[in-house]
Amino acid sequence: MKIAVMSCIHGNSQALDSVLLDIDRQKADKIFCLGDLVGYGPDPNGVVTQIRSLDIPTCVGCWDEDIVEGLNACDCSYPSLLAEKRGKIAHEWTNKEIHPEHREFFAQLPHSLREENLAFVHGSPHSNHEYLLPELDAFSALERVMSTDADVLFCGHTHVPYVRDLDASSLEIRVQGREEIAKKISFTTSLKRIINVGSVGEPRHGRPNATYVIYDTDTQDVSLREVPYDYQKTCAAIIEKGLPKIFAWRLARGLEFAERADDPTHVCTR
């Protein structure tokens, strides 16, 4: 079976339409969505309507969660106070725009989804706000996958796609004391894998193209798909709707714009 997995659409209906067309061309048998349907982008209701009309299994993202519960993200999740201010503007705008029935839809979304030996989350199994970065130490990465009791963990949230295979037999623990001791540990577990599907609506891999993943359950092959679309239309709509212009700038470049923190204590060190 071919499974399409996408995440982080962020109110970008132009990108979503192009990705859905590409999924159709790839003849995927099923689609999963890892949340963050809204936030930053100019068409939150259009995106949610499309996802709901196609009955796509979806887990809740941090933005979707915040629309239901109020802005409750970790205060240090923004790289600067200015970035936090823009994030709050986007949250307030989206909160006013979203239709009541879509807010109710968000409230019913699960934290995770499961399909045989595959698990699906937005950020990590522990938190929607946790970033599973490719440089996460192997022991912690393996723990995240094993906590789901699955072999493959699909995630989003970072907006940068990657595939990481985790071989438990090669893990080491280093104990720091009077002298450093490296202890090799072994597990009786199969090879685990983390697949980050990137972002449909706000890519940060250095290009404006939307990204998602096609996974073949028979061969375990992973295809990191990159789909071009008319991002300039989305950029124009961002400015027209009165959202911060920097959102259009970074969307056009496929980058995350982050100023140097004006208050170092504001930067997350966890």
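Scoring rules and cut-offs
Residues numbered from 1 in each chain as written. Predicted model: local features only at pLDDT ≥ 70, side-chain atom pairs only at ≥ 80, totals over all residues. Heavy atoms only, no water. 1 Å grid on protein atoms, 1.4 Å probe; cavity = no way out; pocket = protein on both sides within 12 Å on 5 of 7 lines; lining within 4 Å. Points joined across faces, edges and corners; volume = space filled by probe spheres on them. Helix = DSSP H or I, 4+ residues; strand = E, 2+ residues; numbered from the N terminus. Pairing = 2+ DSSP bridges. Axes fitted to C-alpha atoms, helices over the stretch in contact; angles between N-to-C directions. Contact = heavy atoms within 4.5 Å. Buried < 20%, exposed > 50% of the residue type's maximum accessible area, 1.4 Å probe, protein only.

Some thoughts on empty space enclosed by the protein
Inspection of every chain in the model, using the stated rule, returns one cavity of 30 Å³ or more. Lining of the largest cavity is provided by His10, Asn12, Gly39, Tyr40, Gly41, Pro42, Gly201, Glu202, Thr234, Ile238, Phe247 and Leu251. Listing elements by their share of the lining of the largest cavity, those giving two or more residues are helix H7 (231–240) and helix H8 (245–253).

Considerations on the sheet that holds strand E9 (residues 192–196)
Judged by pairing direction, the sheet is mixed, and its five strands sit side by side in the order E3-E4-E5-E9-E6 without closing on themselves. Here the strands that pair on one side only, and so sit at the sheet edges, are strand E3 (112–115) and strand E6 (162–166). The sheet shows a mean angle of 15° between the axes of neighbouring strands, taken without regard to direction.

Digging into the sheet that holds strand E11 (residues 222–227)
One open sheet accounts for four strands, arranged E2-E1-E10-E11; its pairing is mixed. Bordering the open sheet on either side are strand E2 (30–33) and E11, each of which pairs with just one other strand. When the angles between neighbouring strand axes are averaged without regard to direction, this sheet yields 25°. Here strand E1 (residues 2–6) pairs with strand E10 (residues 210–216) via four bridges, running antiparallel. Looking at E10, one finds that Ile3 is bridged to Tyr215. With respect to the sheet, helix H1 (residues 13–25) is in contact with E1, E2, E10 and E11, its orientation differing from that of E10 by roughly 25°.

Digging into unusual backbone geometry
In the Ramachandran plot, Cys8 falls in the positive-phi region, its phi being about 55° despite a non-glycine side chain. One can find Cys8 in the loop between E1 and H1. For Cys8, a relative accessible area of 0% translates into the label buried. One non-glycine residue with positive phi stands out, namely Asp149, at about 60°. One can find Asp149 in the loop between helix H6 (138–146) and strand E5 (152–155).

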